[in-house]
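# Notes for the structure review
Listed below are the residues making up each chain.
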Amino acid sequence: MGISQGMRRRLPHVLAAAALAALLGACASPASIQPGETQAATMARLGKPAVERPLPNGGTRLIYTSQPMGQYTWITDYDANHVAVSTVQALTSNRFQMINDGLEEGKWNRDRMIFEFGPPAEIRRVAYPADQAVWGYRFRQDGVWNSLMYVYVRDRDGVVTRFHPGPDPLADPREGFGR
């Protein structure tokens, strides 16, 4: 069955509309939040964030994430007047190195992980040590490798005890899930 003459005439318009929709969808990304944008404008454009937390200066932090399957979490800080000050992509190799600071003193815990990286893609139990959960954050290690950052969180007090990156099994073509 062929394409009708009418469909052939409409096809360029349909393709143009699809391209425009894709372009507008790309514009409605947390990455496009600019300094000076109001919190109300951001939420009207992007919807409710995955996490909203108060900042010490009276402002607010909004966290939009593509977890559990995506590799991006965007964090935007707003001042006390609800105006965007900065937006960062949280799930990067460099930002994960922040965990090293204060890890041995127990300064990293569940709440701080959510505040700095948003909710994890997955939480799993491990056999040893038995009193810990492993939070997995999907990200592009060094901007290249499909990886998970594994963060070990002790059950009794929520303290982070260690972390390390590893390959994301869902991105391994040998497992049939290649991206």
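This write-up is about the structure you can find in this document.

Cut-off values and rules
Residues numbered from 1 in each chain as written. Predicted model: local features only at pLDDT ≥ 70, side-chain atom pairs only at ≥ 80, totals over all residues. Heavy atoms only, no water. Helix = DSSP H or I, 4+ residues; strand = E, 2+ residues; numbered from the N terminus. Buried < 20%, exposed > 50% of the residue type's maximum accessible area, 1.4 Å probe, protein only. Contact = heavy atoms within 4.5 Å. Areas by Shrake-Rupley, 256 points an atom, 1.4 Å probe, with all protein chains shown as cover. Polar contact = N/O pair within 3.5 Å; in protein donor to acceptor, adjacent residues only side chain to side chain. Pairing = 2+ DSSP bridges. Axes fitted to C-alpha atoms, helices over the stretch in contact; angles between N-to-C directions.

Moving on to the overall build of the protein. Along its length, the protein carries four helices and eight strands. The N-to-C order of helical and strand elements in the protein reads α-α-β-β-β-β-α-α-β-β-β-β. Counting every position in the protein, which comprises 179 residues, the buried fraction comes to 39%. Within the protein, counting contacts between residues at least 6 apart in sequence, those at least 24 apart form 35% of the total. When the accessible area of the protein is evaluated, it comes to approximately 10500 Å², of which 58% is carbon and sulfur surface.

A few words now on helix 4 (residues 110-117). Counting along an α-helix, one turn takes 3.6 residues, and residues three or four places apart therefore face a common direction. Restricting attention to buried positions, one finds in helix 4 the residues Met113, Ile114, Phe115, Glu116 and Phe117. Measuring from the backbone nitrogen of aspartate 111 back to the side-chain oxygen at the start of helix 4 gives 3.1 Å, which picks out asparagine 109 as the cap. A positive phi of about 80° marks glycine 118, the residue just after helix 4.

Here we take up the environment of arginine 162. Tracing the backbone through its elements, the reader meets arginine 162 in strand 8 (residues 160-167). As a C-alpha pair, arginine 162 and asparagine 100 span 62 residues in sequence and 8.7 Å in three-dimensional space. Residues contacting arginine 162, with those up to four places away along its chain left out, are Leu103, Pro129, Tyr150, Val151 and Tyr152.

If you walk across this open sheet you meet the four strands as 5-6-7-8, and the pairing is antiparallel. For this open sheet the edge positions go to strand 5 (122-125) and strand 8, each flanked by a neighbour on one side alone. Taking the axes of each pair of neighbouring strands and ignoring which way they run, one obtains an average angle of 25° across the sheet. Looking at chain direction, strand 6 (residues 132-141) and strand 7 (residues 145-154) are connected through 10 bridges and run antiparallel. Bridged to glutamine 132 within strand 7 is arginine 154.

In spatial order, the strands read 1-2-3-4; together these four strands make up an open sheet with antiparallel pairing. Looking at strand neighbours, the two that pair on one side only are strand 1 (51-54) and strand 4 (84-89), the edges of this open sheet. For this sheet, the mean angle separating the axes of adjacent strands, direction not counted, is 15°. Two strands pair when backbone bridges link them, and strand 1 and strand 2 (residues 60-65) are joined in this way by four bridges, in the antiparallel orientation. Across the sheet, proline 54 pairs through a bridge with threonine 60, a residue of strand 2. Seen against the sheet, helix 2 (residues 39-46) touches strand 1, strand 2 and strand 3 (73-78) and runs at an angle of roughly 20° to strand 2.

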